[in-house]
Structure formats: C-alpha cells, structure tokens
Amino acid sequence: MAQTFNIVGWFEIPVTDMPRAIRFYESVFGYTLHYQTIGDEEMAWFPWSEEGTGASGSLVKHEVKYKPSADGAVVYFSSPTGDLANELARVEMAGGKLLQDKTLIAEDIGFMALILDTEGNRIALHSRG
C-alpha cells in the first residue's frame with residue numbers, strides 16, 4: 001500500500017489555564033490561535049493549511065479528560081522562521097522553560113530542542129537550520 005498522507009492527522013495539548021497557554025504559544029510562534037468552545041471543552045486551534053504538510057492541532061481544556069504532562073508523547077513544532085533559535089529566544093520571556101537547547105539531530109534532518117510550556121507540557125521544536 002502506497003502512503004499518500006502523513007499518519008498524524010491531529011494533536012491536542014492539554015492545558016489548565018487557556019488564556020495563559022494561548023499567550024505562550026502565540027508569543028513563541030507568532031501565530032494567532034482560534035479560540036472555540038465545544039460543549040464543556042475549551043479549544044484554541046493552531047493555524048493550518050489544507051495544502052501544507054504535517055498535522056495541525058489545538059490546545060484543549062477539560063477538567064476531567066485532559067491533564068498536562070511532561071512525561072507523555074512529545075509534539076514537534078516546525079519553526080515558522082526556519083531557525084528554532086528564534087523561537088527559543090522567546091520561550092522564557094513567554095513563561096516557558098528550556099529543557100534541551102538547540103541540538104543537531106543529523107545533517108539531513110536538522111535541529112531540535114525541548115521546552116516546557118506554561119502548562120507543564122514537554123514539547124519540541126524542529127528546524128532545518
């Protein structure tokens with residue numbers, strides 16, 4: 001079977017304080033998130049492009065179903081500037097914490113870094129440069 005799509009279709013990052021989490025992600029990446037309530041859940045959607053590669057997702061708040069964690073799956077965010085050093089420079093100012101500085105994965109793959117967001121989630125940043 002030929003693969004014609006990326007296997008990850010959507011992700012959700014748990015938060016406890018939606019306004020604080022939105023400020024953090026908008027500050028670090030420079031994008032505006034779209035806030036929405038669906039039933040008893042609050043969501044803030046990351047921007048996406050139907051023609052683009054990769055998956056999009058959202059921040060999500062629910063008192064019972066979602067709990068932030070630094071121990072679970074790690075979502076990798078692509079650097080919108082092409083060099084994750086730009087986003088890393090804004091992490092601590094936005095209330096996050098640097099866990100692993102910009103590190104070369106491999107020449108043909110690029111660089112990664114690990115950070116802790118304001119909600120206690122461990123996420124990663126990736127860039128080619």
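Below or above, wherever it landed, is the structure these notes cover. Because the structure is predicted, anything quoted here is derived from the model rather than measured. (Residues numbered from 1 in each chain as written. Predicted model: local features only at pLDDT ≥ 70, side-chain atom pairs only at ≥ 80, totals over all residues. Heavy atoms only, no water.)

A word on the overall build of the protein
The condition that has to hold: Only runs of H or I of at least four residues qualify as helices and only runs of E of at least two qualify as strands under DSSP, and these elements are numbered from the N terminus. Only C-alpha atoms enter the radius of gyration, while the globule expectation follows 2.2 Å times N to the 0.38, with N the number of residues. The rule is simple: take the accessible area with a 1.4 Å probe, protein chains only, and divide by the maximum for that residue type; under 20% is buried, over 50% is exposed, in between is partly exposed. In this description, contact between two residues means that some pair of their heavy atoms is separated by no more than 4.5 Å. Within this scheme the basic residues Lys and Arg register as positive and the acidic residues Asp and Glu register as negative, but His and the chain ends are omitted. Lysine's charge is taken at NZ, arginine's at CZ, aspartate's at CG and glutamate's at CD.
A count of helical and extended segments in the protein gives two helices and eight strands. By the compact-globule yardstick of 14 Å for 129 residues, the protein fits well, its C-alpha radius of gyration being 15 Å. For the protein, the C-alpha atoms occupy an extent of roughly 45 × 45 × 25 Å along the three principal directions. Buried positions account for 36% of the 129 residues belonging to the protein. Expressed as a percentage of contacts within the protein between residues at least 6 apart in sequence, the contacts between residues at least 24 apart total 55%. In the protein, 10 positive and 18 negative side-chain charges are present, and the distance between their average locations comes to 5 Å.

Some remarks on the nonpolar core
Rules: Only buried Ala, Val, Leu, Ile, Met, Phe, Trp, Tyr and Cys residues count toward a nonpolar core, and they belong to the same one when joined by side-chain atoms within 4.5 Å.
Residues I13, F24, Y25, F46, L59, F77 and L88 are the most contacted members of the largest nonpolar core, which totals 24 residues. Elements with a contribution of two residues or more to this core: strand 1 (10-14), helix 1 (18-29), helix 2 (85-91), strand 7 (110-116) and strand 8 (122-127). The biggest single contributor to this core is helix 1, with seven residues. Ignoring sequence-local partners within four residues, the contact set of F77 consists of F11, I13, Y25, F29, F46, I123, A124, L125 and H126.

Examining the environment of Y31
You can see Y31 is positioned in the loop between helix 1 and strand 2 (34-38). Sequence-wise, Y31 and F11 are 20 residues apart; in three dimensions their C-alpha atoms are separated by 17 Å. When near neighbours in sequence (up to four residues on either side) are disregarded, Y31 contacts E26, P47 and P80.

Side note on helix 1
Which entries qualify depends on this criterion: One less than the residue count of a helix, multiplied by 1.5 Å, gives the span that helix is expected to have. The directions considered for the arc run from the helix axis to the C-beta atoms. We define a polar contact as two N or O atoms separated by no more than 3.5 Å, with the added condition that, inside protein, one atom must be a possible hydrogen donor and the other a possible acceptor, whereas residues neighbouring each other in sequence contribute only through side-chain atom pairs.
Across its 12 residues, helix 1 extends 16 Å between first and last C-alpha, which sits within 8% of the 16 Å expected from 1.5 Å per residue. Those residues of helix 1 lying buried are M18, A21, I22, F24, Y25, V28 and F29. Take helix 1 and look down its axis: the buried residues cluster within an arc of 160°, on one side only. At the N-terminal boundary of helix 1, the capping side chain belongs to D17, with an oxygen 3.1 Å from the backbone nitrogen of R20.

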